Amino acid sequence: MPETIRIKVNGVAVDVPEHTNVAAAVTRAGHVHFRRSVTGQPRGPLCGMGICFECRVTIDGQPHRRSCQVLCRPGMEIQTDDA
Amino acid sequence: MTPERQFDVLVVGAGPAGLAAACCAAESGRRVGVVDDNPDLGGQIWRGERVHPHHKEAGAWLQRVRTASLDFLPGMQVIGQNGPGRLLAETADGACELRFERLILAPGARERFLPFPGWTLPGVLGAGGLQAMVKGGLPIEGRRVVVAGSGPLLLAVAAYLRTRGAKASLIAEQAAWSALLPFGLALLRTQPDKTRQALALRWALRGVPYRTDCWPMRADGDGKLASVTLTNGRRTWSVPCDYLACGFGLVPNLELPLLMGCDVRAGFVAVDEMQQTSVNGVYGAGEVTGIGGLDKSLTEGQIAGYAATGQPAKARRLVAARKRSQRFAATLNTAFALRDELRHVAAPDTLVCRCEDVSYDRVRRHESWRAAKLQTRCGMGPCQGRVCGAATEFLFGWPTTSVRPPIYPTALANFLESPANPASLA
Ligand SMILES: Cc1cc2nc3c(=O)[nH]c(=O)nc-3n(C[C@H](O)[C@H](O)[C@H](O)COP(=O)(O)OP(=O)(O)OC[C@H]3O[C@@H](n4cnc5c(N)ncnc54)[C@H](O)[C@@H]3O)c2cc1C
Ligand code: FES
């Protein structure tokens, strides 16, 4: 069995497999909308590789982190713009 | 004080080109460092191989990487230059200065995204983008996926998603069948191993229609993707789906080479026989010198690694192989050239710049990339035009080969401390 990691997305605990990145974890937690654009449109990941900045969320209090480039760590707290 | 790391050879990019370069450079006994912004090595194609092995060739190279004496710096992004022989990099924990005698640039490529109504809906991703997300842990089993856009990547992605349980309902390739046919025949004639690969892919994708002359017109859904409408120029139809994986070929990541002052010719970093750029001691390898696939990246990486460490004889032995992969790249790029109709899919209110929410209608009134940036803020957001610049280059023929440091948005403090910012010298 792969190890799982417990994180929180918008305050709700979620268990994800080891090596899951934050973008995948946010989706696993049931969220489609990661951020709101400058005119308020909902957005989610586009490039999956760190160049488009559409997957930005707040991780452990740090805003604007590209969730597709960060691996989940135990106890991580993630917030989407709609939180 | 910013921490420093010193290397004889520094490689930027841990994709196939960078890893091959690093392994060959390390054979010389010199101190070699490899920096990559991803949390793990492998670049685009070998991303996540350690968790879910998928590519045969990756195993051998990753084994070689493990036994070579290399310093791997993951999760670190190079954002600027810090004077000659020095780069400024950033991690989640702060800045770092990387010093080097020789530099090998292997920053790879990204997908080209083109705007169409609905392309900003969550659920519309790049083709490689969705694949990368799945490799990163996104559940895809049982999800309906339409793969669209252009290039051999569409087939690789569809086949991969299928192995992970996705329902790939259609692959829509914009290129014309008449353009692909000569490519297929040339492949058969000159590249038997590539033909075998293509046939294996086709077999993996049996039952999934591959339509040429076919491209997305719009994506619809309420807050998230529900269906995509496709056209073949004569007829349009809609396909319900959970994901649209859509990319229109690849564009090189030129920001760092441009910042270092490397000459760019016809959209790619210009290099000599030994992969050296116009800047002495700075080498370029992989997709930044031309889009050409795995073999080209591996071969160029090896040549650069040997050449940068005084092993020219070993480098020369690979020149013929490089020529073959470059020829393959040329036929590939002709076959998958983008059709003119794709310039007219965006509606006036379709966003072109997703960072600043600038519409097609507002961008097209300007005569250059620079004017559009100044007047509309197109390309001025955090992605720094990496998405909309590649789109407007195709839509309006605007070249975008200028760059300003830092090449990625940064926690301002890192940057202001460093002489990479002219203002900080004042
Ligand atoms: C999204 C995507 C998916 C792909 N999937 C496939 C596939 O499934 N099958 C296939 O045959 N081909 C695929 N390709 C094509 C494949 O990437 C190429 O054929 C080839 O492997 C590229 O190798 P490379 O080493 O030149 O570049 P890459 O593999 O792109 O490696 C470049 C690395 O440099 C890093 N980098 C760039 N700039 C910086 C910086 N400033 N600081 C730190 N690190 C940096 C990047 O994050 C990346 O990890 C894909 C391409 C893309 C863009
Ligand atoms: S999805 Fe593009 S930066 Fe994360």
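None of the values given here were measured: they were computed from a predicted structure.

Caption draft 1: Spatial organisation of the packing of helix H5 (residues 177-190) of chain B against helix H10 (residues 319-335) of chain B. Residues and elements named next belong to chain B. Where H5 contacts H10, the axes come no closer than 8 Å and their chain directions differ by 160°. Taken together, the axis directions place H5 and H10 in an arrangement best described as roughly antiparallel. Here H5 and H10 pass one another in a crossing that is left-handed. In this structure, H5 contributes Ala179, Leu180, Phe183 and Leu187 to the contact, and H10 contributes Phe328, Thr331, Leu332 and Ala335. Residue composition of the contact of H5 with H10, by class: seven nonpolar, one polar and no charged.

Caption draft 2: Here's a closer look at the pairing of strand E15 (residues 243-248) of chain B. Residue and element names in this part refer to chain B. Across the six residues that make up E15, a large majority, six, are buried. Burial along E15 is two-sided: Tyr243, Ala245 and Gly247 and Leu244, Cys246 and Phe248, pointing in opposite directions, are all buried. The pairing of strand E8 (residues 124-125) with E15 spans two bridges and is parallel. Note that in E15 the partner of Val124 across the bridge is Leu244. Strand direction decides the pairing type here: strand E9 (residues 144-150) and E15, joined by six bridges, are parallel. From the neighbouring strand, Val145 faces E15, where its bridge partner is Tyr243.

Caption draft 3: Region of interest: the sheet that holds strand E5 (residues 56-59) of chain A. Residues and elements named next belong to chain A. The strand order across the open sheet formed by five strands is E2-E1-E7-E5-E6, and the pairing between neighbours is mixed. Because the sheet does not close on itself, it has two edges, and the strands there are strand E2 (12-17) and strand E6 (62-66). This sheet shows a mean twist of 40° between the axes of neighbouring strands, independent of strand direction.

Caption draft 4: Structural view of the interface of chain B and chain A. At the junction of the two partners, chain B supplies 37 residues and chain A supplies 33 residues. For the pair chain B and chain A, the summed buried area comes to about 2,800 Å², and 59% of that belongs to carbon and sulfur atoms. Seen at the junction of chain B and chain A, the total is two salt bridges. One salt bridge in this structure joins Glu54 of chain A and Arg354 of chain B, with 2.6 Å as the shortest N-O distance.

Caption draft 5: Fine view of the site of ligand 1. Residue and element names in this part refer to chain B. As a matter of local geometry, ligand 1 sits amid 30 residues, with Ala17, Asp36, Asp37, Gln44 and Val78 nearest to it. Here an oxygen atom of ligand 1 sits 3.0 Å away from a polar atom, N or O, in the side chain of Asn38. A distance of 3.1 Å separates an oxygen atom of ligand 1 from a polar atom in the side chain of Ser297. Of all the secondary structure elements, the ones that give two or more residues to the shell around ligand 1 are helix H1 (16-26), strand E4 (77-81), strand E7 (109-111), helix H3 (127-135), helix H4 (153-163) and helix H8 (294-307). Within the shell around ligand 1, the residues separate by chemical class into 14 nonpolar, 12 polar and four charged. Taken domain by domain, the shell around ligand 1 gets at least three of its residues from each of domain 1 (4-109 + 251-333) and domain 2 (113-248).

Caption draft 6: Expanded view of the pattern of salt bridges. All names here are of chain B. The final tally for this structure, using the stated rule, is 26 salt bridges over all chains. Among the ionic pairs, Glu4 bridges to Arg99, the shortest N-O distance being 3.3 Å. Residue Glu4 is found in strand E1 (residues 4-12), and its partner Arg99 is found in strand E6 (residues 94-105); the two are separated by 95 residues along the sequence. Residue Arg99 is classed as partly exposed on the basis of its relative accessible area of 23%. The salt bridge partner of Arg339 is Asp213, with a shortest N-O separation of 2.9 Å.

Caption draft 7: Focus on the domain arrangement of chain B. Residues and elements named next belong to chain B. For chain B, the domain assignment lists domain 1 (4-109 + 251-333), domain 2 (113-248) and domain 3 (340-396). Taken together, the 11 residues of domain 1 in the interface contact 10 residues of domain 2. Both faces considered, domain 1 and domain 2 share a buried interface measuring about 970 Å² in area, 63% of it formed by carbon and sulfur atoms. Considering only the side of domain 1, the residues that lose the most area to domain 2 are Arg47, His54 and Phe328, jointly responsible for 47% of the buried surface there. At the junction of domain 1 with domain 2, the criterion picks out one salt bridge.

Caption draft 8: Molecular detail of H3 of chain B. Burial of H3 of chain B is extensive: nine of the nine residues sit out of reach of the surface. If you check which residues of H3 of chain B are buried, you get Ala127, Gly128, Gly129, Leu130, Gln131, Ala132, Met133, Val134 and Lys135 of chain B. As for H3 of chain B, its buried residues are in contact with helix H1 (22-28) of chain A together with E7, E8, E9, H4 and E15 of chain B. Positioned one or two residues after H3 of chain B, Gly137 of chain B has a phi angle of 115°, which is positive.

Caption draft 9: Looking closely at the packing of aromatic side chains. All names here are of chain B. Counted by the stated rule, this structure contains four aromatic pairs over all chains. Between the aromatic rings of Phe183 and Phe328, the centroid separation amounts to 6.2 Å while the plane-to-plane angle is 40°, which identifies the pairing as tilted. A residue pair is termed long-range when its members are at least 10 positions apart, and Phe183 in helix H5 and Phe328 in helix H10 qualify at 145 residues. Assessed through its relative accessible area of 13%, Phe183 is described here as buried. Overall, Phe328 belongs to the buried group, its relative accessible area being 10%. Between Phe183 and Phe336 the ring centres are 5.7 Å apart and the planes differ by 75°, which places this aromatic pair in the edge-to-face class. Of this pair, Phe183 sits in helix H5 while Phe336 sits in the loop between H10 and strand E20 (351-353), and the two are 153 residues apart along the sequence.

Caption draft 10: Structural detail: a nonpolar patch on the surface. Together, Trp177, Leu181, Leu185 and Leu188 of chain B make up an exposed nonpolar region whose accessible area comes to about 430 Å². Tracing the backbone shows Trp177 of chain B in helix H5.

Rules used throughout
- Residues numbered from 1 in each chain as written.
- Chains lettered and ligands numbered in written order.
- Predicted model: local features only at pLDDT ≥ 70, side-chain atom pairs only at ≥ 80, totals over all residues.
- Heavy atoms only, no water.
- Axes fitted to C-alpha atoms, helices over the stretch in contact; angles between N-to-C directions.
- Helix = DSSP H or I, 4+ residues; strand = E, 2+ residues; numbered from the N terminus.
- Parallel < 35°, antiparallel > 145°, perpendicular 65-115°, else oblique.
- Left-handed = near helix turned anticlockwise from the far one by under 90°.
- Contact = heavy atoms within 4.5 Å.
- Nonpolar A, V, L, I, M, F, W, Y, C, P; charged D, E, K, R; others polar.
- Buried < 20%, exposed > 50% of the residue type's maximum accessible area, 1.4 Å probe, protein only.
- Pairing = 2+ DSSP bridges.
- Buried area = accessible area lost by both parts, 1.4 Å probe.
- Salt bridge = Lys/Arg side-chain N within 4 Å of Asp/Glu carboxyl O.
- Near = heavy atom within 4 Å.
- Polar contact = N/O pair within 3.5 Å; in protein donor to acceptor, adjacent residues only side chain to side chain.
- Domains from an automatic or database assignment.
- Phe/Tyr/Trp six-rings, centres within 6.5 Å; stacked < 30°, edge-to-face > 60°.
- Patch = residues over 30% accessible without salt bridge, like charges linked within 9 Å, V, L, I, M, F, W, Y side chains within 5 Å.
- Areas by Shrake-Rupley, 256 points an atom, 1.4 Å probe, with all protein chains shown as cover.

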